[in-house]
Amino acid sequence: MAWERFEYTGKDSIPKLTIRKNGLIGLNNSAVLNHNLKSYTHVVLFIDKASKKIGLKFSKNEAEPGARKVKFHEMGGATVPARSFCHMNNLQENRLACHFDAKDEMLVANYE
């Protein structure tokens, strides 16, 4: 077996979504890079209360109903304004592992 060099320099290699106290939803750099999210400008938020899942469907269409602008940060990661979404769904500050659901074409995290 040959040696392979590991060159990833990010702080965390596991894609994560953070619900912040100020109502922002943050995505770590791994979530942005692993799912090629920089090619999008907006996101639509979804919730499945029965399964306790949050869904983020990324879009390039700012006119899509419920679309919110995604802010990508120079140092990595991204944030989405979600104060009313978090408040109306009683989502508390939390850091959650997330994955891309190919069937629903969205980034998904379990919030319980």
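Everything numeric in this text was worked out from a predicted model, so none of it was measured.

Asker: Residue-level account of the pattern of salt bridges, with values.
Answerer: As enumerated under the stated definition, the model contains one salt bridge in all. A salt bridge links E112 to K52, with the nearest nitrogen and oxygen atoms 3.3 Å apart. Residue E112 is found in the segment after β9 (106–110), and its partner K52 is found in the loop between β3 (42–48) and β4 (53–59); the two are separated by 60 residues along the sequence.

Asker: Provide a residue-level description of the environment of C98, including the pertinent values.
Answerer: Looking at the element boundaries, C98 is found in strand β8 (residues 94–101). The buried category is assigned to C98, whose relative accessible area is 8%. Contacts of C98, omitting those with residues within four sequence positions, involve P15, K16, L17, A31, L107, V108 and A109.

Asker: With reference to specific residues and values, describe the environment of E74.
Answerer: Looking at where E74 falls in the secondary structure, it is placed in the loop between β6 (71–72) and β7 (78–81). In the structure, E74 is positioned 28 residues away from A102 in sequence and 28 Å away in space, judged by C-alpha atoms.

Asker: With reference to specific residues and values, describe the nonpolar core.
Answerer: If you look at the biggest cluster of nonpolar residues, it comprises 24 residues, and the most contacted ones within it are L17, I25, L27, I54, L56, F58 and F85. Of all the elements, β4 adds the most residues to this core, at three residues. Excluding its chain neighbours within four sequence positions, the residues that come into contact with F85 are I25, L45, F46, I47, I54, R68 and L91.

Asker: Which residues make up the pairing of strand β2 (residues 24–27), and what values do they have?
Answerer: Bridge count for strand β1 (residues 16–19) against β2 is three bridges, and the pairing is antiparallel. For T18, the partnering residue across the bridge sits in β2 and is G26. As consecutive antiparallel partners, β1 and β2 are separated by four residues, and within that stretch G23 has a phi angle of approximately 90°, a positive value. By the bridge criterion, four bridges tie β2 to β7 in an arrangement that is antiparallel.

Asker: An account of the state of the cysteines is requested, with residue identities and associated values reported.
Answerer: Scanning the model with the defined rule gives zero disulfides in all. Here C86 is not cross-linked by a disulfide; its sulfur's nearest cysteine counterpart is in C98, at 14 Å. With relative accessibility at 6%, the residue C86 sits in the buried group.

Asker: Which residues make up the sheet that holds strand β5 (residues 68–69), and what values do they have?
Answerer: Read from one edge to the other, the open sheet built from nine strands follows the order β5-β3-β4-β9-β8-β1-β2-β7-β6, with strand pairing classed as antiparallel. Single-partner strands in this sheet number two, and they are β5 and β6. Two elements, β4 and β9, share four bridges in a ladder whose sense is antiparallel. In the strand pairing of β9, L56 is matched with L107.

Procedures and definitions
Residues numbered from 1 in each chain as written. Predicted model: local features only at pLDDT ≥ 70, side-chain atom pairs only at ≥ 80, totals over all residues. Heavy atoms only, no water. Salt bridge = Lys/Arg side-chain N within 4 Å of Asp/Glu carboxyl O. Helix = DSSP H or I, 4+ residues; strand = E, 2+ residues; numbered from the N terminus. Buried < 20%, exposed > 50% of the residue type's maximum accessible area, 1.4 Å probe, protein only. Contact = heavy atoms within 4.5 Å. Core = buried A, V, L, I, M, F, W, Y, C linked by side-chain atoms within 4.5 Å. Pairing = 2+ DSSP bridges. Disulfide = S-S within 2.5 Å.

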